[in-house]
Amino acid sequence: MSQPGSQGGTPQTTPQVTEPSTQRARWRRPWVITVAAFVVVAVLAAAGVTSWILMARHAAEQVSTRWRLVNCTKDALDNSYFGHPVIRSRPGWRCGLVVTVRNRSGHDIHTLGVVGGFMGTIGGAEIKGLSTQAAKIHDGVVGGTNFPGGEVDATWAVEMTVPAHSSRHVDLAIAWRQSGCNGAGRTTFPGWPIVVFKVLGRTHHISAKQALVLKTFDDPHDKAACRE
């Protein structure tokens, strides 16, 4: 006599349902969590870096510089040219230069140097930068920072902290270059000088919204220096 639920005397077996391995699922779970955590950290880090860069840029945009000539030799200054100071480039002239750095941002800044274009040791104009007690001139490298221009430009080492919402001054000097070339007219240095500084670990530079004008004369000394 067959058992209930069987046919032809053959017993029926109950189907077995295989469940996923609990141990394997547990083994995969930490990897999923690790990858997800890495993605979250990467996104947060990228957002943090972007925010930091934008914050530094915003602070840099609130830094400005101006300058004025002081203690010039007799007859060195001429009438202004479109509102810009003019130096009469006659042999032996010399002027002091007071550069002001104003920081309107909410972060302290640290200046690295001031760059005067074409005023370095091999600059070709009738003007050169001079070291002062406040700032020595280096050719292109100050405090490990490379400045463009090298020996062509004068780079004053000006390392000072300008606190938030304040200004600081530095005394520089410029003078006649005997070997310089001129065009018997006016040589203009727009956006001069350039101040290089750091804020929030980022390096930036700003130019003064002024121009220095050199009124030159056709003297015999310039023939060797001028190139056609």
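Residues numbered from 1 in each chain as written. Predicted model: local features only at pLDDT ≥ 70, side-chain atom pairs only at ≥ 80, totals over all residues. Heavy atoms only, no water.

Enquirer: What's the story with the pattern of salt bridges in this structure? I'm lost.
Expert: Any two side chains of opposite charge can pair, given that their charged atoms come close. The tally for this structure, following the rule as stated, stands at one salt bridge. Asp78 is the partner of Lys215 in a salt bridge, and the nearest nitrogen-oxygen pair spans 3.1 Å. Pair noted here: Lys215 is in strand β15 (residues 211-215) and Asp78 is in strand β2 (residues 77-81), with a separation of 137 residues, a long-range link. On the accessibility criterion, Lys215 (27% relative accessible area) is partly exposed. (Salt bridge = Lys/Arg side-chain N within 4 Å of Asp/Glu carboxyl O. Helix = DSSP H or I, 4+ residues; strand = E, 2+ residues; numbered from the N terminus. Buried < 20%, exposed > 50% of the residue type's maximum accessible area, 1.4 Å probe, protein only.)

Enquirer: Help me understand the packing of aromatic side chains in this model?
Expert: The geometry of an aromatic ring pair comes down to the distance between the two centres and the angle between the two planes. Within the structure shown, the criterion is met by two aromatic pairs. Ring centres of Trp67 and Trp192 lie 5.3 Å apart, and the angle between their planes is 85 degrees; this geometry places the pair in the edge-to-face category. One end of the pair, Trp67, is in strand β1 (residues 63-70); the other, Trp192, is in the loop between β12 (186-190) and β13 (194-199), and 125 residues separate them in sequence. The pair formed by Trp67 and Trp192 is uniform in burial state, with each residue classed as buried. On the basis of an interplanar angle of 85 degrees and a centroid distance of 4.8 Å, the ring pair of Tyr81 and Phe82 is categorised as edge-to-face. On the accessibility criterion, Tyr81 (29% relative accessible area) is partly exposed. Over the ring of Phe217 we find Arg90; its NZ or CZ atom is 4.4 Å from the centre of that ring. (Phe/Tyr/Trp six-rings, centres within 6.5 Å; stacked < 30°, edge-to-face > 60°. Lys NZ or Arg CZ within 6 Å of the ring centre and 35° of its normal.)

Enquirer: What should I look at first to understand the confidence of the model for the protein in this one?
Expert: This prediction gives the protein a mean pLDDT of 81; 69% of its residues lie at or above 70. Per-element confidence in the protein ranges from a low mean pLDDT of 62 for strand β8 (residues 141-142) to a high of 98 for strand β4 (residues 94-103). (pLDDT = per-residue confidence, 0-100.)

Enquirer: Got a minute to help me understand the pairing of strand β10 (residues 154-162) in this structure?
Expert: Taking burial as the measure, the nine residues of β10 include seven buried ones, the bulk of the element. Two elements, strand β5 (residues 109-116) and β10, share seven bridges in a ladder whose sense is antiparallel. Within β10, the residue paired with Gly116 across the bridge is Ala154. (Pairing = 2+ DSSP bridges.)

Enquirer: For this particular structure, what's the right way to read unusual backbone geometry?
Expert: Geometrically, the link from Trp192 to Pro193 is a cis peptide bond, its omega value of -10 degrees lying close to zero. With respect to the element layout, Pro193 can be found in the loop between β12 and β13. For His165, which is not a glycine, the phi torsion comes out positive at approximately 55 degrees. Along the chain, the position of His165 falls in the loop between β10 and β11 (166-175).

Enquirer: Would you explain the nonpolar core in this entry?
Expert: Nonpolar side chains in soluble globular proteins generally cluster together in the buried interior. Formed by 36 residues in total, the largest nonpolar core has its most connected members in Trp93, Ile127, Leu172, Ile174 and Leu212. Breaking this core down by element, the ones donating at least two residues are α1 (22-60), β1, β4, β5, β10, β11, β13 and β15. With five residues, β10 is the single largest residue contributor to this core. Among residues more than four places away in sequence, those in contact with Trp93 are Thr73, Ala76, Ile87, Arg88, Glu126, Ile127, Ile174, Ala175, Trp176 and Leu214. (Core = buried A, V, L, I, M, F, W, Y, C linked by side-chain atoms within 4.5 Å. Contact = heavy atoms within 4.5 Å.)

Enquirer: Looking at this structure, I do not really get the environment of Glu151. What am I missing?
Expert: With respect to the secondary-structure elements, Glu151 resides in the loop between β9 (145-146) and β10. A relative accessible area of 40% means that Glu151 is categorised as partly exposed. In the structure, Glu151 is positioned 34 residues away from Gly117 in sequence and 9.9 Å away in space, judged by C-alpha atoms.

Enquirer: Sorry, what's going on with the sheet that holds β11 here?
Expert: Across the sheet, four strands lie side by side as β1-β4-β11-β6; this open sheet has antiparallel pairing. In this open sheet, the two strands that pair with only one neighbour each are β1 and β6 (128-130). When the angles between neighbouring strand axes are averaged without regard to direction, this sheet yields 35 degrees. Two elements, β4 and β11, share ten bridges in a ladder whose sense is antiparallel. When the bridges of β11 are listed, Val101 appears paired with Arg168. (Axes fitted to C-alpha atoms, helices over the stretch in contact; angles between N-to-C directions.)

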